[in-house]
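Given next are the chains, with one letter for each unit.
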Amino acid sequence: MTNSTLSVQSLTKRFKGNIAVDRVSFELKPGERVALLGHNGAGKTTLFKMVLGFLRRDSGDVSVLGCAPGSNPARQGTAYLPESVAFSSALTGEEVIRFYARLKGEPSARSLELLEQVGLADASKRRVGTYSKGMRQRLGLAQALIGNPKLVLLDEPTTGLDPISRQNVYQLIGEIAQKGATVLLSSHALTELEARTDRILILSKGQLVADDELGKLRAQAGLPIRLKVWTKPGAAQEVAAQLGAGRMNGRSVELDCGTDDKVRKLSAISALGNLVEDVDVHPPSLDDVYRHFSNTVQKEA
Ligand code: ATP
């Protein structure tokens, strides 16, 4: 037995002969914050539905907290926030939470604290019909977290939220994970995930094409690091010549290097003395890494 919160082994699902999830395997441990990335139709929601026990798999295995998906212990330990949440607009935020707390057999007082955690304490007595999209999304998150779930599945939790609300959602995700829950969230908003997740899974056409920490995926992809050298006025040409090529752009010179020759290149730049005013180091972004792995799907019958 492993201590995985979620174990997925060679999971496969077809719809009328079209493969939606193709032999996907991974394991998630307690306290991990994991992002599931993929293009539209990559299979993210289908994967979530099989983990939740809403959809039957064609082959492979899923184990949620050591139990079958959809079984009572699996359901009790799992929270799910769907991509779009709908609540009765006539109920107040507090009434919504009380209702779901009763459904889940959880004490209301503890559950109502969640409204504070998602920043809705002041609006708790207002009808949901008066809430903005972001407020409804945060209410959905509070509802999903009732009862301290061990596995939290969030389908695009930050879609339609403003930057501050997004930060609040990630802060809450960090707090949940710190208490030992595993968070698996799907997203299209790549850049905001960079510093906020421990691990990235990338699905492409139903296949899992990447599964690692971002730093390691960067190294695996072997994408270049871009160095932007800011030069003294009029010195760009000389700097470009001394560094051997590179692209010139007004007062800056850009060059690419690998992880292994980054330090050597930086020493060469620093040896140019006062011809250089500053250097920016740009490692490949998550967008670059995502694009790289999305193009590596292997076709197999
Ligand atoms: P998005 O980012 O757009 O939400 P996704 O990664 O969640 O996409 P899925 O919704 O899992 O993708 O869809 C994966 C594939 O399975 C798609 O080709 C989709 O058309 C197909 N599919 C999903 N559900 C069904 C269904 N009930 N019947 C037939 N095909 C389906």
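The structure displayed is predicted, hence computed values, not measured ones.

Peer 1: Whenever I open this one, the sheet that holds strand β11 (residues 247–249) confuses me. Can you help?
Peer 2: Backbone hydrogen bonds hold the strands of a sheet together, and the pairing may be parallel or antiparallel. Sheet architecture is open: 4 strands sit in the order β11-β12-β10-β13, paired in antiparallel fashion. Edge strands, defined here as strands with exactly one partner in the open sheet, are β11 and β13 (276–282). Ignoring which end each strand starts from, the neighbouring axes of this sheet average 25 degrees apart. Of the pairings in the sheet, the one linking β11 to strand β12 (residues 252–257) comprises 3 bridges and is antiparallel in character. Considered in β12, the bridge of Arg 247 is made with Glu 254.

Peer 1: Before we go on, may I ask you to explain the packing of aromatic side chains in this structure?
Peer 2: What characterises a pair of aromatic rings is the spacing of the ring centres plus the angle enclosed by the ring planes. For the structure on display, the rule yields 4 aromatic pairs. Between Phe 48 and Tyr 80, the ring centres sit 6.3 Å apart and the planes meet at 85 degrees, which makes this aromatic pair edge-to-face. Note that Phe 48 is positioned in helix α1 (residues 44–52) and Tyr 80 in strand β5 (residues 78–81), a separation of 32 residues in sequence. Assessed through its relative accessible area of 0%, Phe 48 is described here as buried. Here a set of aromatic residues connected by ring pairs shows up, and it is made of Phe 48, Phe 54 and Tyr 80.

Peer 1: Looking at this structure, how should I read the pattern of salt bridges?
Peer 2: Should their charged atoms come close, side chains of opposite charge can pair. Counted by the stated rule, this structure contains 16 salt bridges. A salt bridge links Lys 228 to Glu 254, with the shortest nitrogen-to-oxygen separation between them at 3.8 Å. In this pair, Lys 228 is assigned in strand β10 (residues 225–231) and Glu 254 in strand β12, connecting sequence segments 26 residues apart. One salt bridge in this structure joins Glu 277 and Arg 251, with 2.6 Å as the shortest N-O distance. Placement of Glu 277 in strand β13 and of Arg 251 in the loop between β11 and β12 is noted, with a sequence separation of 26 residues between them. The class of Glu 277 is partly exposed, set by a relative accessible area of 46%. Classification of Arg 251 as partly exposed rests on a relative accessible area of 37%. Linked through salt bridges whose partners overlap, the residues forming this network are Glu 32, Arg 199 and Asp 211.

Peer 1: Looking at this model, I keep getting lost on the site of the ligand. Mind explaining?
Peer 2: Around the ligand lies a shell formed by Phe 15, Ala 20, His 39, Asn 40, Gly 41, Ala 42, Gly 43, Lys 44, Thr 45, Thr 46, Glu 83 and His 188. One of the side-chain N or O atoms of Thr 46 is found 2.5 Å from an oxygen atom in the ligand. The fraction of the free accessible surface of the ligand (640 Å²) that becomes covered by protein chains is 57%. Ranked by the residues each element gives to the shell around the ligand, the list is headed by α1, at 3 residues. Of the residues contributing to the shell around the ligand, the split by class is 3 nonpolar, 7 polar and 2 charged.

Cut-offs and rules
- Residues numbered from 1 in each chain as written.
- Predicted model: local features only at pLDDT ≥ 70, side-chain atom pairs only at ≥ 80, totals over all residues.
- Heavy atoms only, no water.
- Pairing = 2+ DSSP bridges.
- Helix = DSSP H or I, 4+ residues; strand = E, 2+ residues; numbered from the N terminus.
- Axes fitted to C-alpha atoms, helices over the stretch in contact; angles between N-to-C directions.
- Phe/Tyr/Trp six-rings, centres within 6.5 Å; stacked < 30°, edge-to-face > 60°.
- Buried < 20%, exposed > 50% of the residue type's maximum accessible area, 1.4 Å probe, protein only.
- Salt bridge = Lys/Arg side-chain N within 4 Å of Asp/Glu carboxyl O.
- Near = heavy atom within 4 Å.
- Polar contact = N/O pair within 3.5 Å; in protein donor to acceptor, adjacent residues only side chain to side chain.
- Areas by Shrake-Rupley, 256 points an atom, 1.4 Å probe, with all protein chains shown as cover.
- Nonpolar A, V, L, I, M, F, W, Y, C, P; charged D, E, K, R; others polar.

Keep in mind these values describe shape, not function.
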